[in-house]
Amino acid sequence: MSLEYAILVSLQERAGSGYELARRFDKSIGYFWGASHQQIYRSLKRMVELGWVSCDEVAQEKRPDKKVYRVSDSGAAELARWLAEPAADPPAIRNELSVKIRGASYGDVGQVLAEVRRHRRRHAERLAVYQAIEQRDFPDPTGLTGQSLHQYLVLRGGIGYERSMVDWCDEVARALEADSPR
């Protein structure tokens, strides 16, 4: 998937400037499809050239004019076309930590265990962020429909993934601790 489709989805949800879009990526869609601010601005330029988004300049007091991007009719059509395509098959797991765990007996198991614990902390932190977003934005998900439901479902996928990674790291840590000489 190219970044352009993630941007089209975000702009369909709400028009905004490049800066606002980059901030949205930092706080929501970027958890699932990351992009640097520079990548976003380059993509927006390309999308304007393709006619997928329009750009209006908005005057601001004591600041430079702001460019506000909106999805054009051709951009909406392109997004609909892309949404109808089969999604790419998920790639095989490519996880450096898994390779380190597999090779732990060839090095310092204690260092690998420390790395497992570091990864566990990172996944637990991300899980806490996702759960806080869920509590803040979706306190009662039973009546969700449309866009809100779709956002919630993606968030739930992130929560499930992070929870499974925390559980796996715990399992690996227990096993490595039990296997290590004392």
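Residues numbered from 1 in each chain as written. Predicted model: local features only at pLDDT ≥ 70, side-chain atom pairs only at ≥ 80, totals over all residues. Heavy atoms only, no water.

Chemist: What's the story with the side chain of S10 in this structure? I'm lost.
Modeler: By secondary structure assignment, the location of S10 is in helix α1 (residues 3-13). When neighbours within four sequence positions are excluded, S10 is seen to be in contact with L21, R24 and F25. (Helix = DSSP H or I, 4+ residues; strand = E, 2+ residues; numbered from the N terminus. Contact = heavy atoms within 4.5 Å.)

Chemist: What is the right way to read the domain arrangement of the protein chain from this model?
Modeler: Accessible area lost upon the coming together of the parts serves often as the stated size of an interface. Per the domain assignment, the segments making up the protein chain are domain 1 (3-84) and domain 2 (96-179). In this structure, domain 1 and domain 2 have C-alpha centres spaced 29 Å apart. Counting from both sides, the interface comprises 4 residues of domain 1 and, opposite them, 8 residues of domain 2. A buried area of about 480 Å², summed over both sides, lies between domain 1 and domain 2, and 67% of it is on carbon and sulfur atoms. (Domains from an automatic or database assignment. Buried area = accessible area lost by both parts, 1.4 Å probe.)

Chemist: Even after reading the chapter, I still don't get helix α3 (residues 37-50), so can you show me in this structure?
Modeler: In an α-helix, one turn spans 3.6 residues; hence positions three or four apart end up facing the same way. The end-to-end C-alpha distance of α3 is 20 Å, a good match for the 20 Å that 14 residues give at a rise of 1.5 Å each. Listed as buried for α3 are I40, S43, L44 and M47. The buried residues of α3 occupy an angular sector of 105° when projected down its axis, which confines them to one face. What points out from α3, more than 90 degrees from its buried face, is the exposed set Q38, K45 and E49. Considering only its buried residues, α3 is in contact with α1, α2 (18-27), β2 (53-60) and β3 (63-71). G51, located one to two residues past α3, shows a positive phi value of around 85°. (Expected span 1.5 Å × (residues − 1). Buried < 20%, exposed > 50% of the residue type's maximum accessible area, 1.4 Å probe, protein only. Arc of directions from axis to C-beta.)

Chemist: Would you mind showing me how to read the pattern of salt bridges here?
Modeler: Pairs may arise between side chains of opposite charge once their charged atoms sit close together. In this structure the tally under the stated criterion is 13 salt bridges. D170 is the partner of R120 in a salt bridge, and the nearest nitrogen-oxygen pair spans 2.5 Å. Taken together, the positions of R120 in helix α6 (residues 109-137) and D170 in helix α7 (residues 146-179) put the pair 50 residues apart, joining distant regions of the chain. A salt bridge links E134 to R156; the nearest nitrogen and oxygen atoms lie 3.1 Å apart. Taken as a pair, E134 in helix α6 and R156 in helix α7 lie far apart in primary sequence, 22 residues in all. Overall, E134 belongs to the buried group, its relative accessible area being 11%. Connected through shared salt-bridge partners, E78, R81 and E85 make up one network. (Salt bridge = Lys/Arg side-chain N within 4 Å of Asp/Glu carboxyl O.)

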